[in-house]
Amino acid sequence: MRTITIIGLSLLLLSCSIGPDYKRPPADGEDRFRMADGSSELPSLANLPWWDLLRDEQLQQLIRMALAENRDLQRAVATVEEFRARALVAKMDYVPGLTATASLPASRKANFLFPGFASPFNYYLFGNLAWEVDLWGRVRRMNEAARADLVSKEENRRAVTIQLVSAVAEAYFNLRQFDLQLDIAKRTLQSWEESVRIAQARLRQGMTSKLDADQFEAERANAAARTAELERQMSQTENHLSVLLGRKSVSIARGLALDEQIVPPTIPAGLPSELLQRRPDILVAEQQLAAATARIGAAKAERFPRITLTGLAGLAHPELSLIFNDPSSFGVFGAGLAAPLLNAQVLGFQQEAVEAQSKQALAQYQQTVLTAFREVEDALVAVRTARVQGEAQQQQVAALQSALKLAELRYKGGLANYLDVLVARRNLFESELALTSTRRLLLASTVQLYKALGGGWNPEKPSAEENKGS
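Residues numbered from 1 in each chain as written. Predicted model: local features only at pLDDT ≥ 70, side-chain atom pairs only at ≥ 80, totals over all residues. Heavy atoms only, no water.

Draft legend 1. A nonpolar patch on the surface, seen in detail. A cluster of nonpolar side chains, Met 92, Tyr 94 and Val 95, forms an exposed patch at the surface whose accessible area comes to about 280 Å². In this structure, Val 95 sits in the loop between α4 (71–91) and β1 (97–103). Overall, Val 95 belongs to the partly exposed group, its relative accessible area being 43%. (Patch = residues over 30% accessible without salt bridge, like charges linked within 9 Å, V, L, I, M, F, W, Y side chains within 5 Å. Areas by Shrake-Rupley, 256 points an atom, 1.4 Å probe, with all protein chains shown as cover. Salt bridge = Lys/Arg side-chain N within 4 Å of Asp/Glu carboxyl O. Helix = DSSP H or I, 4+ residues; strand = E, 2+ residues; numbered from the N terminus. Buried < 20%, exposed > 50% of the residue type's maximum accessible area, 1.4 Å probe, protein only.)

Now the structure itself:
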């Protein structure tokens, strides 16, 4: 055993790892995002924990429920556990393998039984040791690949967490939008019903035409149809949000109204270089590239001879009571050499396949980086334009509300026809619905920017006790 150990350590000192070492590919990037407002030196929005960005307490409660019960996140966590075990399995290749075998024959009919010689007719117990000398670094490269796979799955779990937080927030904002639009539609419907009642009374008195009454009735029916549509969308959004929470369809509790939600006045994006180190899908693609690079070295090592140190030691005797006598012991130690001959060409093809997989992983990493930068730029321009658009629509709604009041006064006083009221109320209805959509767009775009920047480092909100201690 001492000789085997000395030989093994000597070979390990002489061993090397063949194949390329992983290096992060260079990425073309600017000093700041093209659509970013303000200084790029400000702390990125992604540095905020999600509960500091999303201030609605009811929304925070929904997010915590989703983080605890969502099935996709549970699957991602289980995948991490699987690959953590796989990494430990790969690590055990560094350790010699030891197996034990015992035999207790029920009957013996042979007469050629020799003490110390194991046969099916003997009682015997022996241990078998096998240890691959990692001369070419095959085991090390496979361990590198296993570690990269594990890190990739851990980053994928974080990506699922960020996606879940943003999906719950966006669905909640959609729900609050439909709530506000439904309230607008119901108020508008009541106004049209009142206009229809007045028009019918004026028609009976001969003060207006049947055409005017029919036009008011048509607008009332349109408002009723929009109300039913919004009720359907609201119910379907609740169903979608329930699935994100890991539950069957339930009624979702509401918190702040859509126009009460808090949006940060300035939304800094940070430096583009931070994106490569923070965004989980980029890190997933990078670790997949690292694993593919390590497997190239392992594939190359398969084409070289594999040296294995072996040992066998045990006890055997025809009689169980004499098995531990000295003459009954046996053992052998040595080394084995296995080299590819007829399958050398096949191993060469396998190496080419692994190298092609590395090229695919590199292209995927580069594409992921490009997609990430595009998503950040899209979210930045969406936040900026939604804010400006919302301010303009707010002014439009105020002007149309004033115009409707004047049109109704003029119509009731006989100074204007039905068309002025109809157009004013229709325009106000559509502009109010558009304003709520823009408000939701601003909130959703902020969340999308947060997700695109790789925000949400901490998956759970700290407890009150932790806050007091910090």
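Following the structure, the description resumes.
Draft legend 2. Representation of the environment of Leu 271 within the structure. Along the polypeptide, Leu 271 turns up in the loop between α6 (210–244) and α7 (272–278). It is 9.9 Å that separates the C-alpha atoms of Leu 271 and Ala 36, two residues lying 235 residues apart in sequence.

Draft legend 3. Expanded view of the pattern of salt bridges. Going through the model one piece at a time under the given rule, you end up with 29 salt bridges. In this structure, Glu 82 engages Arg 86 in a salt bridge whose closest nitrogen and oxygen atoms are separated by 2.9 Å. Note that Glu 82 and Arg 86 are positioned in helix α4 at a spacing of four residues, about one turn of the helix. By relative accessible area, Glu 82 is classed as partly exposed at 36%. Here the salt bridges share partners, and the residues they tie into one network are Glu 132, Arg 138, Glu 302 and Arg 306.

Draft legend 4. Highlighting empty space enclosed by the protein. A complete count under the given rule lists four cavities of 30 Å³ or more for this structure. Space inside the largest cavity adds up to approximately 90 Å³. What lines the largest cavity is simply Leu 53, Leu 54, Arg 55, Asp 56, Phe 173, Gln 261, Ile 262, Val 263, Pro 264, Leu 443, Thr 446 and Val 447. With three residues, the single largest contributor to the lining of the largest cavity is helix α10 (residues 418–452). Grouping the amino acids of the lining of the largest cavity by side-chain chemistry returns eight nonpolar, two polar and two charged. (1 Å grid on protein atoms, 1.4 Å probe; cavity = no way out; pocket = protein on both sides within 12 Å on 5 of 7 lines; lining within 4 Å. Points joined across faces, edges and corners; volume = space filled by probe spheres on them. Nonpolar A, V, L, I, M, F, W, Y, C, P; charged D, E, K, R; others polar.)

Draft legend 5. Highlighting helix α5 (residues 138–204). In a regular helix each residue adds 1.5 Å, so 67 residues correspond to 99 Å; α5 covers 95 Å between its end C-alpha atoms and thus fits that length. Positive phi shows up at Gly 206, right after α5, with a value of about 75°. (Expected span 1.5 Å × (residues − 1).)

Draft legend 6. Expanded view of the nonpolar core. Counting 59 residues, the largest nonpolar core has Phe 33, Leu 54, Val 168 and Leu 453 as the members making the most contacts within it. Those elements that provide at least two residues to this core are α2 (50–53), α3 (57–69), α5, α6, α7, α8 (280–301), α9 (344–412) and α10. Looking at which element gives the most residues to this core, the answer is α5, with 13 residues. Other than its neighbours up to four places away in sequence, Val 168 contacts Leu 59, Leu 62, Ile 63, Ala 66, Leu 241 and Leu 244. If you look at the next biggest cluster of nonpolar residues, it comprises 18 residues, including Val 196, Ala 223, Leu 400 and Tyr 411. (Core = buried A, V, L, I, M, F, W, Y, C linked by side-chain atoms within 4.5 Å. Contact = heavy atoms within 4.5 Å.)

Draft legend 7. Region of the structure containing the environment of Pro 43. Relative to the assigned elements, Pro 43 resides in the loop between α1 (2–14) and α2. Sequence separation between Pro 43 and Ala 269 is 226 residues, and the spatial gap between their C-alpha atoms is 7.7 Å.

Draft legend 8. Structural detail: the side chain of Arg 158. Within the fold, Arg 158 resides in helix α5. Within polar-contact distance, the side chain of Arg 158 engages the backbone oxygen of Arg 278 at 2.3 Å. (Polar contact = N/O pair within 3.5 Å; in protein donor to acceptor, adjacent residues only side chain to side chain.)

Shape descriptors only; they carry no functional weight alone.
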